[in-house]
Each structure stands twice: as structure tokens, then as C-alpha cells.
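Now for the letters of each chain:
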Amino acid sequence: MYTFSNKLRLGSFIAMGLGFIFLVIGFMSAPSTVEEAKAMVAVHDDGHGGGHAEAAESHGEEQGHGAEAAHGEEHDTSHDEHLLSQLQNRPWSALYVAAFFFFMIALGVLAFYAIQRAAQAGWSPLLFRVMEGITAYLVPGGIIVFVILLLSVLHMNHMFVWMDPEVVAHDELLQGKAGYLNPTFFLIRAAIFLGGWIFYRQYSRKLSLAQDESDDDSNFIKNFRWSAGFLVFYLVTESMMSWDWIMSVDPHWFSTLFGWYVFASMFVSGITVIAMVTVYLKSKGYLEQVNNSHIHDLAKFMFGISIFWTYLWFAQFMLIWYADIPEEVTYYVARFQDYKLPFFGMLVMNFVFPLLVLMNSDYKRINWFVIMTGIVVLFGHYLDIFNMIMPATVGDQWFIGLPEIGGILFFGGLFVFWVFTALTKAPLQPKRNPFIEESRHFHY
Amino acid sequence: MASKVIQALYNDDDVLMHAVKKVRAEHHHIEEVYTPFPVHGLDKAMGLADTRIAITSFLYGCLGLTVAVVMMNFIMIEDWPQDIGGKPSFSYLENMPAFVPIMFELTVFFAAHLMVITFYLRSRMWPFKKAENPDKRTTDDHFLMELGVHDNENELADLLWETGAVEVKVTEKES
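Residues numbered from 1 in each chain as written. Chains lettered and ligands numbered in written order. Predicted model: local features only at pLDDT ≥ 70, side-chain atom pairs only at ≥ 80, totals over all residues.

(A) The overall build of chain A, seen in detail. The number of helices and strands found in chain A is 18 helices and zero strands. Taking 22 Å as the expected radius of gyration for a compact globule of 444 residues, we find that chain A reaches 23 Å, a close match to that expectation. Considering only residue pairs separated by 6 or more positions, chain A has 81% of its internal contacts joining residues 24 or more positions apart. (Helix = DSSP H or I, 4+ residues; strand = E, 2+ residues; numbered from the N terminus. Rg over C-alpha atoms; globule rule 2.2 N^0.38 Å. Contact = placed C-beta atoms within 7 Å.)

(B) Focus on the overall build of chain B. When helices and strands are counted, chain B shows five helices and six strands. The C-alpha atoms of chain B give a radius of gyration of 25 Å, which is well past the 16 Å a tight globule of 175 residues would have. Seen through its C-alpha atoms, chain B measures out along the principal axes to roughly 80 × 30 × 25 Å. The burial tally for chain B puts 15% of its 175 residues in the buried class. Within chain B, counting contacts between residues at least 6 apart in sequence, those at least 24 apart form 77% of the total. (Buried ≥ 20, exposed ≤ 12 C-beta atoms within 10 Å, placed from the backbone.)

(C) Here's a closer look at the domain arrangement of chain B. According to the domain assignment, chain B contains domain 1 (2-36 + 141-174) and domain 2 (53-122). The C-alpha centroid of domain 2 of chain B is placed 48 Å from the C-alpha centroid of domain 1 of chain B. (Domains from an automatic or database assignment.)

(D) Spatial organisation of the nonpolar core. Counting residues in hydrophobic clusters, the biggest one holds 114 residues, and the most contacted among them are Ile134, Ile274, Met302 and Val419 of chain A. Among all residues touching Ile274 of chain A, those that are not within four sequence positions of it are Val109, Phe112, Leu127, Val130, Met131, Ile134 and Leu298 of chain A. Leu9, Tyr10, Val33 and Leu147 of chain B belong to the second largest nonpolar core, which has 17 residues in total. (Core = buried A, V, L, I, M, F, W, Y, C linked by C-beta atoms within 7 Å.)

(E) Region of interest: the interface of chain A and chain B. Contact residues are listed per partner, giving seven residues for chain A and seven residues for chain B. Considered class by class, the residues forming the side of chain A that touches chain B number four nonpolar, two polar and one charged. (Nonpolar A, V, L, I, M, F, W, Y, C, P; charged D, E, K, R; others polar.)

(F) The arrangement of unusual backbone geometry in detail. All names here are of chain B. Not every positive phi belongs to a glycine, and His27 is a case in point at roughly 65 degrees. Inspection of the secondary structure puts His27 in the loop between helix H1 (13-25) and strand S2 (30-34). Its identity as a non-glycine residue notwithstanding, Arg124 has a phi of 50 degrees, on the positive side. Along the polypeptide, Arg124 turns up in the loop between helix H4 (96-122) and strand S5 (143-148).

(G) Examining helix H7 (residues 138-153) of chain A more closely. All names here are of chain A. For H7, with 16 residues, the first-to-last C-alpha span of 22 Å sits near the 22 Å given by 1.5 Å per residue. Buried residues of H7: Leu138, Gly141, Gly142, Ile144, Val145, Leu149 and Ser152, and no others. End-on, the buried residues of H7 take up no more than an arc of 160 degrees, which puts them together on one face. Among the structural elements, helix H5 (79-118), helix H6 (128-135), helix H10 (183-213) and helix H11 (218-246) are those in contact with the buried residues of H7. Once H7 finishes, His155 follows within two positions and takes phi at roughly 65 degrees, a positive value. (Expected span 1.5 Å × (residues − 1). Arc of directions from axis to C-beta.)

(H) Just helix H5 (residues 153-162) of chain B, in detail. Residues and elements named next belong to chain B. Every buried residue belonging to H5 is among Leu156, Leu159 and Leu160, and all of these are buried. One side of H5 holds all its buried residues, which, seen down the axis, span an arc of 95 degrees. Seen from the buried face of H5, the exposed residues on the opposite side, beyond 90 degrees, are Asn154, Asp158 and Glu162. Two residues or fewer after H5 comes Gly164, characterised by a positive phi angle close to 100 degrees.

(I) Summary view of the environment of Leu150 of chain A. Examined against the element boundaries, Leu150 of chain A turns out to sit in helix H7. C-alpha separation for the pair Leu150 of chain A and Ala190 of chain A, spaced 40 residues apart in sequence, amounts to 9.7 Å.

(J) Representation of the confidence of the model for chain A within the structure. Residues and elements named next belong to chain A. In the predicted model, chain A carries a mean pLDDT of 89, and the fraction of residues at 70 or more is 92%. Ranking the elements of chain A by mean pLDDT puts helix H3 (residues 48-59) last with 39 and H7 first with 96. In this model residues 46-75 is a low-confidence stretch, pLDDT under 50, and it forms 54 contacts with partners more than four residues away in sequence or in other chains. (pLDDT = per-residue confidence, 0-100.)

(K) Quick look at the UniProt feature "transmembrane region" (unreviewed entry) in chain B. Residues and elements named next belong to chain B. Here the UniProt feature "transmembrane region" (unreviewed entry) sits at residues 53-76 and 96-121. Measuring from the first to the last C-alpha atom of residues 53-76 gives 34 Å, for a span that is 100% helix and 0% strand. Structurally, residues 96-121 is divided into 100% helix and 0% strand, and its ends, taken at the C-alpha atoms, are 36 Å apart. (UniProt positions renumbered as here; feature names shortened; annotations may be inferred.)

(L) Inspection of the packing of helix H13 (residues 292-323) of chain A against helix H14 (residues 326-338) of chain A at higher detail. Residues and elements named next belong to chain A. Close contact between H13 and H14 brings their axes to 9 Å; oriented N to C, the two are set at 120 degrees. Relative to H14, the element H13 is oriented oblique. Note on packing geometry: the crossing formed by H13 with H14 is left-handed. Where H13 abuts H14, its residues Phe317, Ile320, Trp321 and Ala323 lie against Glu328, Val329, Tyr331 and Tyr332. Class assignment of the residues belonging to the contact of H13 with H14 gives a composition of seven nonpolar, no polar and one charged. (Axes fitted to C-alpha atoms, helices over the stretch in contact; angles between N-to-C directions. Parallel < 35°, antiparallel > 145°, perpendicular 65-115°, else oblique. Left-handed = near helix turned anticlockwise from the far one by under 90°.)

(M) Representation of the environment of Ala157 of chain B in the model. Residues and elements named next belong to chain B. Along the chain, Ala157 falls in helix H5. Residue Ala157 is classed as partly exposed on the basis of its C-beta count, with 17 C-beta atoms lying within 10 Å. Sequence separation of Ala157 and Phe110 is 47 residues, and the distance between their C-alpha atoms is 47 Å. Sequence-distant contacts of Ala157, defined by excluding residues within four places in its chain, comprise Ile6 and Val168.

Here it is as C-alpha cells:
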């Protein structure tokens, strides 16, 4: 049985506390009036800010900011109302990106776990308890994301402009989509997705623990069937989740492979976290039976799925770049203009770095190498989510400051606390999994 | 020059693996093992040096990438610039996304094909080469281990029978 080390527990509490303080400061310092917003911008970027203020005076404030936000970058009427909502969105977006990122890790691990179960993989049963520990975060993480979405529906923030009836009233495209993209149906869908994922996670965990105590393989077989069924449900709902929770922040823009693209991101982040937690537990003397071939396999997955992610990222980018249709290409124009560093930085961290570092077979077996690469890959995929959400919600007012770092610290701390608490609940090595012998002798 | 070798046939890869380990533990030099399919971990058990084919693969991939860049630059930018979809090809860098699939494919193409050719040459296999395997059954369901004989024929034969060989024979081999 694993015991949660006090040092790690304390660390997770400190991270949560610091993150919470940073987030509160972020929310407190968000402007509540147009004047404050203008003052903030004027202070933050002199030279540019002056122009903003002048333009604002002449434009007046006759339009509601909702209509403005919907039309995004193209309009500059009531420019400062827009600026205000961007600055108000910033702490919310920082909260949402971090909450979603850590939730997505748990969901990616759940998909990986279900694949191992459905494929009846022989190499991985030794790692099942680690995966089950990580997916435990699905419950609090999912509830937090749901609450943030609920608060958005209640107009506590303006991340999802299509939730504003004022905006929809002036937007024919959104009216056309309203049958699908309306707050009630949105919440119902979110509840169905989360309900299904959490149900599978809890039930599969129950069967997995029951298998340890039973004297036949019936639990194992049941788990196999549920996992196969879950994968079908997951592939559909994950794709719809990505349209709902991420793509709809840009309600006019759409991409048909967006679901896959988000999936690749969550899959590689999840596998990376499995590898990191495994290496950590091994370094503390647990998981004696896990050998470096298991680490090698996980690192191979990190390498392969990183390239898969790049493939999808590029497939999405190239078609839009080549076709150059205005309504599609605005998505990338915003990112090229205002998000150069996070956008290209993410490509280096998620593609070039793992490609060069993990290419050599021997390096995939070196524990500290896997950890260092994992940290870079995780930051890269945080940036990926950042680039998906921020351009639509805060525009060119992005910055990685207190609320963003606070979000990472808070949810990172919560994630570590929850995952390692879950790991203490059951023996780290499954006793009666029929493939456990194969997994123990796994050797490459 | 002809040399004397002893050949042991096995009909199971697990038995073969154990035999290889045992023979190596007795400090005999295994000259070659012939198998109908790749046996996982046999190279390590035989103590063969790690393959360097991965390094050649990386180099061939770099070569393929270079060829793709140079080729597309010549075809699309220098020799015959066209205006495709409102993107006049005046600069390689600005049109680069369109060339990425070609860069990717040629990298894979060069790495894969040249690696296979390298592998064949390194294994000294080329068209019309006389087959080297001493027993046709190694292409079907038998495994053959070959050891050099240095005046210890009987000792070796006993050892090989002990390891579960289904047949042991001593022959002269041209080298």
C-alpha cells in the first residue's frame, strides 16, 4: 500500500493556497468599469494605449457590449466596452483553461486505460492502479468544469458569447445554430458527457478492485465489455465536448477535425502523466515489478502521440491556410498576430522537442529524461489549451501572469492531492488480473 | 577453407532461447542461429552487438528531408513559379506549409527504402545469391543453432542434446 508522503501533501496544499491567492488577486484586479479598463491598458502598454483611449472617446458607448463581442476583431465600435469584457474575462479564462487542462489529463488517462482494458493488453496491468488513481481526479475536475460552465450560462462571465441572448438577437449565424448551441441543451449535454465518463470510471474501478478478491475472471470480463462500450461512447462525446466547451468560444468558426485534435492533446498529456507518476512511485520504492520496459513503452507512446498531435494540428492548419476563406482563416490570423510566442512556442514544445529528445530508443528508458520531457510536454499542452481559449475570450489582452499561474498552481495542487490520495486507497499491484504475470515479465 | 561445425535443430523458440542461454553460459561461441521468424530477445541472448540501423535510418531521413526541400524549391520557386490559390510562389518560406506533406513523405520514403537496402546489404543478401541456410526446415518450423567445433565434438553434442535439440549433426562448411 502506498502512503502519501507528507512532503508531497504539504507541497500540494501550498500550491493550492498560493494558486487560490493568485486567482483571487486576478479576479479582484479585473476592471469593473470602462474607465478602469482604459486606465489599465494605458498603464500597461504606453504608446499603444494612448491610441486606444482616443479611439474610445470618439466612438461613444451606444452599443451593448454583447453585440460587439460577437463580432470580435472586425468591429471597432464601442471598442472599450469590448476591452472591458476582455479584461473581465481574463481571470475567468485563466481559471477555465487550467481547470480544463487538469480535467483533460484525467480524461485522457481514462481513454488510455479503457483501451488497455478493451485490447486486453498484457504489458500494462501493473500500471492499472496508477491509471485508476489519476482518473480519480475526473470526479472533482469534472464537477469544477461543469460549475464554471454553469456560471458562464448564468452570465457571470462572457467567455461564451453565444450564451448572451442580446448577441444572438443580432447575429443570424448564431440564430441558425441556436437549435444546438443554446444554454439549456449545452448544460444537458455537459451533464450527459460527464455522467457517462464518471460512471464508467467508478464502475470500472469497482470491478478492478473486485477482481482482486474474486476467485474467477468474471469481473475482468465484465470490465472488458464495459471498456469497449465506453470507448464508443467516449469517442462520440469527446468530440462533441470539444465543440461545446472549446470550439464554441469562437462560435462562428468551425473545424471538422477539432475533436481529434483535442483528443490528441488530452491523450498525450494523460500518457505523460502516467509515465511521470510511475517514475515518481518507483523512485520512492513502490511498483517494484515495473521495469524499464514499461517506462520505455510509455515514452514510446509520448513520442508517437506527440507526432500524432502535430499531424492533426498541421492538417487543420494547412487546409485553412491553403483555402484562405475569410471566415475560417480569422482563427489563425488572430493567433499569428497576437499569440506569436505561445503559438509557435507550443509547436516547439509539443513537436520539435519530444521528436528530437525521445527519438533515441535508449533515452526512453532513462527515468529523469522521461520526467524532464514530460514537464515540457505538459507545459506545451497547457499552452495548446491556452491558445484554443484565450484568443476568443481575451484577444490581445493575454498575458501569463498571476491568474494564469494561479490557475496552474491551484488545479495542479488539487490534482496531485486527489490523485495521490486515491493511490493510497488500494494496493498498487493488482492481485488477480489474469495478465499480471505477462505484465511482470514484460520485456523488450 | 572448410571448417567443421555442429548444428542442432530445435522445434520450439522457447527451447531455443533456453538452449542459447545455456550454451553461452558454458562459454561456447555460437556462430549463427537460423530461425523461420524473428525470435524476440534472441539477439540479446546471443550477445550480439546492438544494431546501428537506427542511426542510418536517421541519416537517410535527414537526406530525404533535404532532397524534398531542394527539389520543391527548384520545381515550385525557381524553375516554374505559379500562383496557386492566390499564393504566388516567390518565396520558399511563405509557401512552406504546402510543401510539408512532400517533406514528410520523402523523409519517410528515404528512411524506409534506404534502410531496407542497407539491411539487405549488411546481411549480405542480394539477387541471385546462393542461400546460406544449412537446412531447409529453418524456413518452415525448425530452429537451427550452429557452433564451431574445435576438437570437442562429443562434448558439444552431449550439451546440445541436453538442451532439448531434436537433431544434432556435424558437417563441413565452406566459408
